[in-house]
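Now for the letters of each chain:
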Amino acid sequence: MIEVDELGVVEFTQALVRIPSTNDPARGRAERPAAELVAAKMREWGWAPVVDEAAPGRPNVVAVVEGGGGDGPTLMFEGHTDVVTEGDLSTWTVDPFGGEIRDGRLWGRGSADMKSGLAATLYATRALQLAGPFPGRIKVCALADEEGLMLGAHHFVASGLAADVDGAIVAEPEAGEICAVAKGALRLRADFTGKMAHGAMPQHGRNPIQAVGALLVALRALETELQGLHPAHEHLGEVYVTPTVVRAGTEEQVNVIPATASVFIDVRTIPGLEHKVVAERVAALAAFDGISAEVSILVDRPPVDVPVSDPVVVALAAAHQRVTGSEPVYGGVPGSTDGTVLTHWGGIPSVVYGPGGKWIAHQADEYVEVAEIVRCTRVFAEAARIFLTRPAS
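Okay, so let's go over this structure.

Scoring rules and cut-offs
Residues numbered from 1 in each chain as written. Predicted model: local features only at pLDDT ≥ 70, side-chain atom pairs only at ≥ 80, totals over all residues. Heavy atoms only, no water. Helix = DSSP H or I, 4+ residues; strand = E, 2+ residues; numbered from the N terminus. Rg over C-alpha atoms; globule rule 2.2 N^0.38 Å. Buried < 20%, exposed > 50% of the residue type's maximum accessible area, 1.4 Å probe, protein only. Contact = heavy atoms within 4.5 Å. Lys, Arg positive; Asp, Glu negative; His and termini not counted. Salt bridge = Lys/Arg side-chain N within 4 Å of Asp/Glu carboxyl O. Polar contact = N/O pair within 3.5 Å; in protein donor to acceptor, adjacent residues only side chain to side chain. Axes fitted to C-alpha atoms, helices over the stretch in contact; angles between N-to-C directions. Parallel < 35°, antiparallel > 145°, perpendicular 65-115°, else oblique. Left-handed = near helix turned anticlockwise from the far one by under 90°. Pairing = 2+ DSSP bridges. Core = buried A, V, L, I, M, F, W, Y, C linked by side-chain atoms within 4.5 Å.

1. So, the overall build of the protein
Line of reasoning, step 1. Within the protein one finds 9 helices and 18 strands.
Line of reasoning, step 2. Computed over the C-alpha atoms, the radius of gyration of the protein is 23 Å, within 12% of the 21 Å expected from 2.2 N^0.38 for a compact globule of 393 residues.
Line of reasoning, step 3. Overall, the C-alpha framework of the protein stretches about 80 × 45 × 40 Å when taken along its three principal axes.
Line of reasoning, step 4. The burial tally for the protein puts 53% of its 393 residues in the buried class.
Line of reasoning, step 5. Here the analysis covers contacts within the protein between residues at least 6 apart in sequence; of these, 81% occur between residues at least 24 apart.

Here's what the structure looks like:
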């Protein structure tokens, strides 16, 4: 088994958690300090990281570690440096940016999602490097803005850095599950334009709220229809069509028919359902007599469906079994990750696996088991060795 620096990876996770790398310009927060810490650690080991801004103050950090063992494939390890806001501090029982270790757990915002996973990828790569030459290379990537628009991953792909990558392991918290599939996310906005009028004389106006009501009813029927056409996926569950935001009028003008109204819709998809088809259906359902309707796509992240026979998934499964002594458990990512961008726009087969509970992300009192950080570091190191030394196909 490859020796890993157990104390080092835990302490580095603590150091990352202590940096409040939320995207919060009003409080002077962004990913840069966390990215600088990652780059400094890479330089300490003799790597040559490239720090490239995906957006102002929001850099990607990428280092290529050559194995020194001749030509071979390229494996990508990926993590993100941003975290969601800590929210209401009164809901926390620990300092959200304290990195405290208590009861075998490392506590704090980003401990699971996903600074422990990011630390594990760095220390796994370093462990394999110290273990001796290996063919090919590892591209270690700490990207920005996964929690927002995934600007870092899109920038990585647009910069051409995905072109030589043969497989990617995304170190998101998945509670030991190997996730080669991920749900798609399609976010839509329907804008309605009618005509303002006095509430006492509605015949002189055109009420866009009536179109909103009709669409909300139709969306429920659309969800039922799509669930019938696309049965629940064994790892990802059902298709969901969920209206999340409705805007129209103001309570100060309760006697006024508003001129405009909007509905925001969060659609969660599974493999086999094309997002274009869903968007077209919603646009057709938004049509309402006398009301102008326009449906726009805000976010389009297709589902991921990488075969479990792909070499990167096979290597990860074999490493999990070798390190833990247990059979691999396959699952699915309920949301989308940077792996969605890497696979669909970068053409890289990706698989998601990392320390931390699947449902603990974004919650108060977020934590990760210390033992799980170390275990995943070992799994990542072993997965890299298996993937890079496999026989050429």
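That shown, we press on.
2. Let's talk about the side chain of Asp365
Line of reasoning, step 1. For Asp365, the location among the structural elements is in the loop between β17 (350-352) and β18 (367-369).
Line of reasoning, step 2. Put simply, Asp365 is tucked away with no salt bridge, and the nearest opposite charge, on Arg102, sits 6.7 Å away.
Line of reasoning, step 3. There is a polar contact of 2.7 Å between the side chain of Asp365 and the side chain of Thr93.
Line of reasoning, step 4. For Asp365, the contacting residues outside a window of four places in its chain are Thr91, Trp92, Thr93, Val94, Trp107 and Ile360.

3. Overview of the packing of helix α2 (residues 32-44) against helix α3 (residues 111-131)
Line of reasoning, step 1. Direction vectors running N to C along α2 and α3 enclose 15°, while the axes themselves pass 11 Å from each other. By the angle class used here, α2 and α3 are roughly parallel. When the axes of α2 and α3 are compared, the crossing they make is right-handed. Contacts between α2 and α3 involve Val38, Lys41 and Met42 on the former and, on the latter, Leu118, Leu122 and Tyr123.

4. With respect to the environment of Lys276
Line of reasoning, step 1. Along the polypeptide, Lys276 turns up in helix α6 (residues 275-285).
Line of reasoning, step 2. Each C-alpha atom, one on Lys276 and one on Val9, is 43 Å from the other, the two residues being 267 residues apart in sequence.

5. Things to note about the pattern of salt bridges
Line of reasoning, step 1. The full count for this structure, using the stated rule, is 23 salt bridges.
Line of reasoning, step 2. Bridged by salt links that share partners, the residues Asp24, Arg27, Arg29 and Glu86 form one connected network.

6. Details of the sheet that holds strand β13 (residues 260-269)
Line of reasoning, step 1. Strand order in the open sheet formed by 4 strands is β11-β13-β9-β14, with antiparallel pairing between adjacent strands. Bordering the open sheet on either side are β11 (240-248) and β14 (292-301), each of which pairs with just one other strand. Each neighbouring strand pair of the sheet contributes to a mean axis angle of 15°, computed without reference to strand direction.
Line of reasoning, step 2. Sheet analysis places strand β9 (residues 184-193) next to β13, joined by 10 bridges and oriented antiparallel. Looking at β13, one finds that Arg189 is bridged to Phe264.
Line of reasoning, step 3. Helix-sheet contacts for helix α5 (residues 208-229) involve β9, β11 and β13, and the interaxial angle to β11 is about 170°.
Line of reasoning, step 4. Each of β9, β13 and β14 touches α6; the most contacted strand, β9, lies at about 20° to it.

7. Examining the nonpolar core
Line of reasoning, step 1. Residues Val38, Leu122, Phe156, Ile169 and Phe380 are the most contacted members of the largest nonpolar core, which totals 83 residues.
Line of reasoning, step 2. Per element, the largest residue contribution to this core is 12 residues, and it comes from helix α9 (residues 370-389).
Line of reasoning, step 3. Counting 25 residues, the second-largest nonpolar core is a separate cluster that includes Leu186, Leu226, Leu236 and Ile291.

None of the figures reported here should be taken as evidence of function without further support.
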